[in-house]
Amino acid sequence: MKKTSGHAQVNGINMYYEVYGKGHMPLVLIHGGGSTIQTVFSNILPYFAATHKIIAVELQAHGRTTDRDTPESFKQDASDVAGLLKYLKVNKANLLGFSDGGCTTLQLAIDNPQLINRMIVVSSNYSRAGMIPGFFEGMQNMTFDDMPQPLKDGFLAVNNDKAKLLNMYEKDRARRIAFEDFKESDIKAIKIPTLFMFGDKDVITLDEALRLKSMVNGSHLIVLPGMHGTLLGDVCTVKEGSKQPEITATLVNEFLN
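Caption draft 1: Seen up close, the side chain of N159. Along the chain, the position of N159 falls in the loop between α6 (149-158) and α7 (162-177). Using a relative accessible area of 16% as the deciding quantity, one classes N159 as buried. A distance of 2.9 Å separates the side chain of N159 from the backbone oxygen of G63, its partner in a polar contact. Residues in contact with N159, not counting those within four places in the same chain, are G63 and K164.

Laid out in structure tokens, this is it:
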């Protein structure tokens, strides 16, 4: 699968991106916490790139993107994605964000809706109440040893610096522990055509999925079998021979078309 890649100076960081495929309306892929482009999207990317121009990004402190001397925030990540689109001279795009990347996508829809044509929010919450019971207590007690090994391996495969891996883990963990609810009025003000996608055994509750769908007028909701990331073929949950990435890509492509 042919790609081009590069770094862009955006808001004081050196932001890494990859471009695949062809098409007039790019699909921007935004990974989740602890991840890289490849750990989240490697299994589904070929299905997207067959029909779309893909711009995949790595956010602050993740993979091949540098860090800044500030905590991570979804608002900053959204600003960074907007800055990258400006750098690439993209006036409007489709967005797909997974987990923390879905929160970034929601924030971008609030702050810069003119940049988004359609968006897919995968396994993301807008409220603390939307996480499964015990989630935040578990985050409080987690240590670096608890980080899934496939995510550690994926980071070190593209950035062989264990100190930067630990830094990413600590910043992601701190952001999740300090998570603050999005304003419901901001969510309800979103007018962008939206598809919400979740697993039936996700870390986001199905009640939260239904609340999001009800707040974004005209939005769609799909629930597929599996855990957090299964529907994308994420490295932590992918099963050999699974058709889930292909099925998800087919559903996403139908929504975008």
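Right, picking up where we left off after that structure.
Caption draft 2: Layout of the packing of aromatic side chains. Applying the stated rule across the entire model yields five aromatic pairs. Here Y17 and Y87 contribute two aromatic rings whose centre-to-centre distance is 6.4 Å and whose plane-to-plane angle is 65°, an arrangement assigned as edge-to-face. Here Y87 lies in helix α3 (residues 74-87) and Y17 lies in strand β2 (residues 13-20), a separation of 70 residues in the sequence. According to the relative accessible area criterion, Y17 is buried, its value standing at 11%. On the basis of relative accessibility, which here comes to 42%, the residue Y87 falls in the partly exposed class. Measuring from centroid to centroid gives 5.6 Å for F144 and Y169, while their planes differ by 75°, and the two rings are edge-to-face. In this pair, F144 is assigned in the loop between α5 (135-141) and α6 and Y169 in helix α7, connecting sequence segments 25 residues apart. On the basis of relative accessibility, which here comes to 25%, the residue F144 falls in the partly exposed class. Counting every residue linked through ring pairs, the aromatic cluster contains F74, F179 and F182. Looking at R128, its charged tip hangs above the ring of F136, at a distance of 3.8 Å from the centre.

Caption draft 3: Quick look at the sheet that holds strand β4 (residues 54-57). Pairing is mixed in the open sheet, where eight strands are placed in the order β1-β2-β4-β3-β5-β6-β7-β8. Both edges of this open sheet fall to β1 (3-10) and β8 (220-224), since each of them pairs with a single strand only. Here the strands of the sheet are splayed against their neighbours by 20° on average, with no regard to which way each runs. Note: β2 against β4, four bridges, orientation antiparallel. Each residue of the ladder has a partner; that of V19, found in β4, is I55.

Caption draft 4: Quick peek at the packing of α6 against α7. Interhelical geometry of α6 versus α7 gives an angle of 130° and a closest axis separation of 10 Å. When the axis of α6 is compared with that of α7, the two are oblique. As for the relative orientation of α6 and α7, their crossing is right-handed in sense. Of the residues in α7, those touching α6 at K152, F155 and L156 are K162, K164, L165 and M168. When its residues are assigned to classes, the contact of α6 with α7 shows four nonpolar, no polar and three charged.

Rules used in this analysis
Residues numbered from 1 in each chain as written. Predicted model: local features only at pLDDT ≥ 70, side-chain atom pairs only at ≥ 80, totals over all residues. Heavy atoms only, no water. Helix = DSSP H or I, 4+ residues; strand = E, 2+ residues; numbered from the N terminus. Buried < 20%, exposed > 50% of the residue type's maximum accessible area, 1.4 Å probe, protein only. Polar contact = N/O pair within 3.5 Å; in protein donor to acceptor, adjacent residues only side chain to side chain. Contact = heavy atoms within 4.5 Å. Phe/Tyr/Trp six-rings, centres within 6.5 Å; stacked < 30°, edge-to-face > 60°. Lys NZ or Arg CZ within 6 Å of the ring centre and 35° of its normal. Pairing = 2+ DSSP bridges. Axes fitted to C-alpha atoms, helices over the stretch in contact; angles between N-to-C directions. Parallel < 35°, antiparallel > 145°, perpendicular 65-115°, else oblique. Left-handed = near helix turned anticlockwise from the far one by under 90°. Nonpolar A, V, L, I, M, F, W, Y, C, P; charged D, E, K, R; others polar.

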